[in-house]
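Structural overview for review
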Amino acid sequence: MMSSSAIGMGDQGQEERQRFEAEVRRIVAASAAGGVTLRLLGSLAFHAHCPRYGYLQAALGRAYTDLDFGGYVRQAKEVGGILTGLGYREDREVFVVTEGGRAIFEHPGNGLHVDVFYEKLDFCHVIPWQGRLELDSPTLPLAELLLEKMQIVEINEKDVIDTIMLLLEHPLGGGDAETINLDRIAALCAGDWGLWRTATMNLGKVRTLANGYPQLSAQDKAQTAAQVEAALARIEVEPKALAWRLRARVGDRVKWYKDVDEVV
Amino acid sequence: MGKSVRDLMHRGLITCPPDIRLGQVARRLTQAGVHALVVAGPDGQPMGVISDFDLLTGEWLSGTPENLEAMRQMTAGELMSSPPETIEADAPVAEASRRLRAGNLHRLLVTEAGRAVGVISIGDLVANLARPATRRETVADVMSRALVVCRADMPLHAAARAMSERRSRSIVVVSAAGHPLGVVTGWDLLEVCEDDCGDRTVSEIMHPPITIEPTASLREAIDRMIAHHIHRLVVVDLQDPDGMPLGVLSTADIFVEMAGPESVWQAAMN
């Protein structure tokens, strides 16, 4: 199913989009200057990593809503220092309640909202990034960006649009340099049947839904489908762990994902 | 010529139908004293195998009431490994070993002319490795080197359960460092049989261990058992008397050796 949530969809003026993009550049620059590993995720990361196809976000009505980053919890104090230095105020309760998994910052001046996720994305499924943030900049590596979307059980149109952009822009392969690292994706899916179930389901949805966008050319649609096929094939051949095989036998009888409780 | 699978296998199949639930599978495993059942269709044809490890999946995934209910509804046919891995009865034992290791398996269904006739498991191969003692002169020659041990604060009901499950007539009580503190036997447990064990622990009923060194002669050991009227001696390392016991010598070890085909007790009478 695809959620009907309209969050992240709607007309957004160029000026407003540029305001978000400029703020990202300001935070990325400040974190780099401070020696802090902070990587962008979410819609702005897809835009930043897709110079050729990033225009699709605006063309397909994909709007920016907030700024999301991934980091390491060992640098949480430094992250807080950088963002408060840029005028943000942290909601400390979130960091405490999530046991150091997440921090939320609001800027009283510009009204922007920053989410920082530490060590992993932990929504419907867990996408860890220990030792991975150094592989790309200013965003998460492309594999984690793709999984960020593919782990959402009730995937939204905005997530499908971001995924299509990523698949059109980047080749699939076994490394991370401007490549969607399928080895990484396949390994994570082979260790967690639930993630495999959701990710393969969503890849299929992306293939189907891409055909419905008149803004995409026939070539774009064909390329999206080919990328999805290749990703599914690579995930399929990855040797699966015993736990995966046992869990697969139970299948959908038992819920395979976590419900997402929004902090805010 | 080496042994074949036929020589080591358990002939016959312990089966269950595919539509029984996991709780029933657990009961059947317990009742039959096995770790897996062959799931067979109405025609008796094996469809798969459901093992104790498969049942772990039930516990693993039953963390919420909804999931527990879903898993309670699951059947052997839904959770089994299928199709069953098979091997011909004429195959060499080494091939069975290779297949088990390569496939990370615990058992193979044995077939003769395509028909399932038995099961060979890791346990069967392990049993084949066991060698009877070739000498019976010292304690070390015949003692049991694997021990059932527990700490002094083990509840009596848990000790009784461990003895039953492991088919052991005693438990050696050891300190955190492995030093033998005492022995609990079925005899010791008799005194609590008329009451509920409650919260009592093995430390309350254990008796001091009577020890012997591994180099002692079998004759010395038997002398000591008869002198103390006990069924077992704790074998300790004289170089490290505070360390973990080396083993236990029990009356069973003695008569098992007496029963062995090489034993003087089995020699033809003049």
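Computed from a predicted model, the values in this text were never measured in an experiment.

1. Points about the overall build of chain A
Check the secondary structure of chain A and you find eleven helices and nine strands. Relative to its length of 264 residues, chain A is compact, with a C-alpha radius of gyration of 18 Å against a globular reference of 18 Å. Considered along the principal axes of its C-alpha atoms, chain A spans approximately 50 × 40 × 35 Å. Within the span of chain A, comprising 264 residues, buried residues form 56% of the whole. Considering only contacts in chain A between residues 6 or more positions apart, those separated by 24 or more positions represent 72%.

2. Considering the confidence of the model for chain B
Here chain B shows a mean pLDDT of 91. Residues at 70 or above account for 99%. Both confidence scores are given for the complex: pTM 0.79, ipTM 0.71.

3. Let's talk about the sheet that holds strand 4 (residues 46–51) of chain B
All names here are of chain B. Spatial ordering of the open sheet is given by 2-3-4, a layout of three strands whose pairing is mixed. On the outer flanks of this sheet lie strand 2 (15–16) and strand 4, each paired with one strand and no other. Taken together, the five bridges between strand 3 (residues 36–40) and strand 4 define a ladder with antiparallel strand orientation. Considered in strand 4, the bridge of Val 39 is made with Gly 48. Against the sheet, helix 2 (residues 22–32) engages strand 2, strand 3 and strand 4, with an angle of about 125° to strand 3.

4. Description of a negative patch on the surface
Residues Glu194(B), Asp195(B), Asp196(B) and Asp199(B) make up a contiguous surface patch of negative charge. Judged by its relative accessible area of 53%, Asp195(B) falls in the exposed class.

5. Notes on the interface of chain B and chain A
As a measure of interface size, the accessible area lost when the parts come together is often cited. Across the contact, 13 residues belong to chain B and nine residues belong to chain A. Roughly 1,000 Å² of surface becomes buried between chain B and chain A when both sides are summed, with 67% attributable to carbon and sulfur atoms. Summed over the shared surface of chain B and chain A, the result is two salt bridges. One salt bridge connects Arg253(A) with Glu78(B), and the closest N-O pair in it is separated by 3.2 Å. For the side of chain B that touches chain A, the elements supplying multiple residues, two or more each, are helix 3 (52–60), helix 4 (65–73) and helix 5 (76–79) of chain B. Of the residues assigned to the side of chain B that touches chain A, the class counts are eight nonpolar, three polar and two charged.

6. A few points about the pattern of salt bridges
Residues and elements named next belong to chain A. All told, the structure shown has 30 salt bridges over all chains when counted by the stated rule. A salt bridge links Lys 258 to Asp 122; its shortest N-O distance comes to 2.5 Å. Placement of the pair is Lys 258 in the segment after helix 11 (242–250) and Asp 122 in strand 6 (residues 120–122), with a sequence separation of 136 residues. Judged by its relative accessible area of 36%, Asp 122 falls in the partly exposed class. With a shortest N-O distance of 3.7 Å, Lys 149 and Glu 148 are connected by a salt bridge. Each member of the pair, Lys 149 together with Glu 148, is buried. Ionic contacts of the salt-bridge type, sharing partners, join the residues Arg 62, Glu 148, Lys 149, Lys 158, Asp 159 and Asp 162 into one network.

7. Some remarks on the packing of aromatic side chains
Residues and elements named next belong to chain A. Evaluation of the coordinates by the stated rule reveals seven aromatic pairs over all chains. Centre to centre, the rings of Phe 95 and Tyr 118 are 5.9 Å apart; their planes meet at 90°, and the pair counts as edge-to-face. Residue Phe 95 is found in helix 5 (residues 92–97), and its partner Tyr 118 is found in strand 5 (residues 113–118); the two are separated by 23 residues along the sequence. Among the residues examined, Phe 95 registers a relative accessible area of 17% and is labelled buried. Taken together, Trp 193, Trp 196 and Trp 244 form an aromatic cluster joined through their ring pairs. The lysine or arginine in question, Arg 74, covers the ring of Tyr 72, its NZ or CZ lying 4.4 Å from the ring centre.

Quick notes on the rules
- Residue positions are counted from 1 within each chain, in the order its sequence is given.
- Numbering of ligands from 1 and lettering of chains from A proceed in the order in which they are written.
- pLDDT decides what is reported in this predicted model: residues at 70 or higher carry local features, side-chain atom pairs at 80 or more are listed and counted, and totals for whole chains, interfaces and linings draw on all residues regardless.
- In computing side-chain properties, one takes all heavy atoms of the structure into account and sets aside hydrogens as well as water.
- Only runs of H or I of at least four residues qualify as helices and only runs of E of at least two qualify as strands under DSSP, and these elements are numbered from the N terminus.
- Only C-alpha atoms enter the radius of gyration, while the globule expectation follows 2.2 Å times N to the 0.38, with N the number of residues.
- In this scheme, a residue with accessible area under 20% of its type's maximum is buried, one over 50% is exposed, and one in between is partly exposed, where area comes from a 1.4 Å probe on protein chains only.
- Contacts were defined at the residue level, with two residues in contact if any of their heavy atoms lie within 4.5 Å.
- Values of pLDDT, the confidence the predictor places in each residue, fall between 0 and 100.
- Strand pairing follows a simple DSSP-based rule, namely that at least 2 bridges must link the two strands.
- Here an axis means a line fitted to C-alpha atoms, over the contact stretch when the element is a helix, while the angle between two N-to-C directions is reported on a 0 to 180 degree scale.
- Surface patches are defined over residues having more than 30% relative accessible area and no salt bridge, joining like charges when they lie within 9 Å and nonpolar side chains (Val, Leu, Ile, Met, Phe, Trp, Tyr) when within 5 Å.
- A 1.4 Å probe and the Shrake-Rupley method give the accessible areas. Residues count as covered only by the protein chains that appear here.
- By convention in these notes, a salt bridge is any Lys or Arg side-chain nitrogen within 4 Å of a carboxyl oxygen on Asp or Glu.
- In this tally, Asp and Glu contribute negative charge and Lys and Arg positive charge; neither His nor the terminal groups of the chain are included.
- Note that the charge is assigned to NZ on lysines, CZ on arginines, CG on aspartates and CD on glutamates.
- The term buried area denotes the loss of accessible surface (1.4 Å probe radius) that occurs when two parts are joined, taken as the sum for both partners.
- Residues are sorted three ways: Asp, Glu, Lys and Arg are charged, Ala, Val, Leu, Ile, Met, Phe, Trp, Tyr, Cys and Pro are nonpolar, and all the rest, Gly among them, are polar.
- For Phe, Tyr and Trp, rings pair up if their centres lie within 6.5 Å, where Trp contributes its six-membered ring, and each pair is then called stacked (planes under 30 degrees apart), edge-to-face (over 60) or tilted (otherwise).
- Criterion for a charge above a ring: Lys NZ or Arg CZ within 6 Å of the ring centre, and within 35 degrees of the ring normal.

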